[in-house]
Amino acid sequence: MYGMARVCTYLNFQGTTEEAFTFYKNVFGTEFLGPIMRVGDAPQPGMPELGEAEKKMVMHVALPIIAGHVLMGTDFVESFGHTLERGNGHSIMVETDTREQADALYTALSEGSTDAPGMNEMFWGDYWGTTVDRFGVRWMVNLPAAQG
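Described in the following lines is the structure provided in the data block.

### Examining the overall build of the chain
In step 1: On a plain count of helices and strands, the chain comes out with three helices and eight strands.
In step 2: Taken along its principal axes, the extent of the C-alpha atoms in the chain is 40 × 40 × 30 Å.
In step 3: Surface exposure of the chain reaches about 8500 Å², of which carbon and sulfur atoms provide 58%.
In step 4: Averaging the coordinates of the 9 positive side-chain charges in the chain and doing the same for the 19 negative ones gives two points 3 Å apart.

In structure tokens, the structure reads:
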């Protein structure tokens, strides 16, 4: 039913993502899946002006660990209003094979949610959305561009 689909653990940090993922890379003896994407690499229309330190923060990094499981991570950017608090330090990311699967999972996980902005085409090419389910668990649903 979900051929290439996978579940990833997404970790959030307050400025220490690169340090943490370098540590995990050494622990597991694996390599990042592509380059580290920086906050400064992303388009910033309508967002606050970023300082040099914030531009260097990690927007996204992915590291395979064991048995196909992938850790992903990001730095919370304070000027964007992001603050790391108990309960928001991680998300479960589900990657699907089709847009229909992505939409169905997102709709089901969002039932009863007060934080479900919807699925969107993202500037990096994926079809992506995030929601907090009615139990307080943050989910990311992603259809990689290669699958779309």
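### Quick notes on the pairing of strand β4 (residues 70-75)
In step 1: The buried count for β4 comes to six of six residues, which makes it a mostly enclosed element.
In step 2: Both faces of β4 are covered, namely the face carrying Val70, Met72 and Thr74 and the face carrying Leu71, Gly73 and Asp75.
In step 3: One ladder, built from four bridges, connects strand β3 (residues 58-64) with β4; its direction is antiparallel. Its bridge partner being in β4, Leu63 is matched across the sheet by Leu71.
In step 4: Counted along the chain from β3 to the antiparallel partner β4, the turn is five residues long, and its residue Ala67 has a positive phi close to 50°.

### Let's talk about the pattern of salt bridges
In step 1: Tallying each qualifying case throughout the model produces six salt bridges.
In step 2: A salt bridge links Arg6 to Glu95; the nearest nitrogen and oxygen atoms lie 2.5 Å apart. Taken together, the positions of Arg6 in strand β1 (residues 6-13) and Glu95 in strand β5 (residues 90-95) put the pair 89 residues apart, joining distant regions of the chain.
In step 3: Arg138 is the partner of Asp115 in a salt bridge, and the nearest nitrogen-oxygen pair spans 3.2 Å. One end of the pair, Asp115, is in the loop between α3 (99-110) and β6 (120-121); the other, Arg138, is in strand β8 (residues 138-143), and 23 residues separate them in sequence.
In step 4: On the basis of relative accessible area, Asp115 is assigned to the partly exposed category, the value being 29%.

### Things to note about the side chain of Asp126
In step 1: On the secondary structure map, Asp126 appears in the loop between β6 and β7 (127-132).
In step 2: Of the side chains with opposite charge, Arg6 lies nearest to the buried Asp126, which makes no salt bridge, at 7.8 Å.
In step 3: Polar contacts involving the side chain of Asp126 include one to the side chain of Trp124, which spans 3.2 Å.
In step 4: Those residues in contact with Asp126, other than ones at most four positions away along the chain, are Asn120, Glu121, Asn142, Leu143, Pro144 and Ala145.

### Structural notes on the packing of aromatic side chains
Working definition: an aromatic ring pair is given by the centre-to-centre distance plus the angle between the planes.
In step 1: Here the structure, examined in full by the defined rule, presents five aromatic pairs.
In step 2: Centre to centre, the rings of Phe21 and Tyr24 are 5.6 Å apart; their planes meet at 75°, and the pair counts as edge-to-face. Of the two residues, Phe21 and Tyr24 are both situated in helix α1 (residues 17-28); the distance of three residues between them amounts to about one turn of the helix.
In step 3: On the basis of relative accessibility, which here comes to 22%, the residue Tyr24 falls in the partly exposed class.

The rules we used
Residues numbered from 1 in each chain as written. Predicted model: local features only at pLDDT ≥ 70, side-chain atom pairs only at ≥ 80, totals over all residues. Heavy atoms only, no water. Helix = DSSP H or I, 4+ residues; strand = E, 2+ residues; numbered from the N terminus. Areas by Shrake-Rupley, 256 points an atom, 1.4 Å probe, with all protein chains shown as cover. Lys, Arg positive; Asp, Glu negative; His and termini not counted. Charge placed at Lys NZ, Arg CZ, Asp CG, Glu CD. Buried < 20%, exposed > 50% of the residue type's maximum accessible area, 1.4 Å probe, protein only. Pairing = 2+ DSSP bridges. Salt bridge = Lys/Arg side-chain N within 4 Å of Asp/Glu carboxyl O. Polar contact = N/O pair within 3.5 Å; in protein donor to acceptor, adjacent residues only side chain to side chain. Contact = heavy atoms within 4.5 Å. Phe/Tyr/Trp six-rings, centres within 6.5 Å; stacked < 30°, edge-to-face > 60°.

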